[in-house]
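Report on the structure
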Amino acid sequence: MSERKIVVVSAGLSVPSSTRLLGDRLAQAVAARTGAEVRVIEVRDLAVAIAHHLTSGFPGPDLSSALDAVTGADGLIVVTPVFSASYSGLFKSFFDVLGAWDRDALAGKPVLIAATGGSARHSLVLDHALRPLFAYLRAVVAPTGVYAASEDWGAEGLPERIDRAAGELAALMTGAPARQPGPGAQRSGDDLGSGDDLAVVPFEEQLAALRP
């Protein structure tokens, strides 16, 4: 039996990126449940190729590889920063290109939606922008979306939301019912540290750890 594959599409623009950090946490939590192989696609690295495709209709090799990976994934995690109360233009352009590449690419595919922003006031982007987009693309969207504002990092609540959403995506991928861990269970984000570590490591230190 072939190994399951998770693809993370991260539309963060900075290095290090809180958007990438959230994508990594979600992917690790899902992989812990499914044993799936994880591939991360940084959309910013494909910006020029996306623009060329939109004007010429021909993707370059890197963009073709990314589109093939998304099409062949067993589960998809999509993460965007919030710009003007919605997903970023680059994020939307990637999925526009994917739709032109294969209009059925996401039909029936399990997708976990997530976003990052500077304020908790933008959390509605999950239900007002991301969920309608992926419903239109005929994906099967996990019930729980994850939004992380700057103040959420290192605070209570985010690890639990990550864990719940990961359980739902894993269930969609495997066909098994989603089970939430009991009070004494290990959190699925523990690949980067224990649940207690997540609660005390400052956001700036988490980002610094991502620097090349």
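Below, the structure is looked at part by part.

What counts and what doesn't
Residues numbered from 1 in each chain as written. Predicted model: local features only at pLDDT ≥ 70, side-chain atom pairs only at ≥ 80, totals over all residues. Heavy atoms only, no water. Salt bridge = Lys/Arg side-chain N within 4 Å of Asp/Glu carboxyl O. Helix = DSSP H or I, 4+ residues; strand = E, 2+ residues; numbered from the N terminus. Buried < 20%, exposed > 50% of the residue type's maximum accessible area, 1.4 Å probe, protein only. Axes fitted to C-alpha atoms, helices over the stretch in contact; angles between N-to-C directions. Parallel < 35°, antiparallel > 145°, perpendicular 65-115°, else oblique. Contact = heavy atoms within 4.5 Å. Nonpolar A, V, L, I, M, F, W, Y, C, P; charged D, E, K, R; others polar. Pairing = 2+ DSSP bridges.

1. Observations concerning the pattern of salt bridges
- Inspection of the entire model under this criterion finds nine salt bridges.
- In this structure, D127 engages R131 in a salt bridge whose closest nitrogen and oxygen atoms are separated by 2.9 Å. Of this pair, D127 and R131 both sit in helix 5 (residues 125-136), four residues apart, which is roughly one turn of the helix.
- Among the residues examined, D127 registers a relative accessible area of 44% and is labelled partly exposed.

2. Regarding the packing of helix 3 (residues 61-72) against helix 4 (residues 89-101)
- Relative to each other, helix 3 and helix 4 sit at 75°, their axes nearing to 11 Å. With respect to their mutual orientation, helix 3 and helix 4 come out roughly perpendicular. Contacts between helix 3 and helix 4 pair L63, S64, A66, L67, D68, V70 and T71 from the former with F94, V97, L98 and W101 from the latter.
- Of the residues assigned to the contact of helix 3 with helix 4, the class counts are eight nonpolar, two polar and one charged.

3. Here we look at the pairing of strand 5 (residues 110-117)
- Counting buried residues in strand 5 gives eight out of eight residues, a clear majority hidden from the surface.
- Side chains P110, L112, A114 and T116 project from strand 5 onto one buried face, and the interleaved V111, I113, A115 and G117 project onto a second face that is buried too.
- Relative to strand 5, strand 3 (residues 75-83) runs parallel, the two sharing six bridges. Each residue of the ladder has a partner; that of L76, found in strand 5, is V111.
- Here strand 5 runs beside strand 6 (residues 140-141); their pairing, made up of two bridges, is parallel. Counterpart to P110 in the pairing with strand 6 is V140.
- Summarising the sheet, strand 5 and strand 7 (residues 146-149) pair through four bridges and their orientation is parallel. Bridge assignment links T116 to a residue of strand 7, and that residue is A148.

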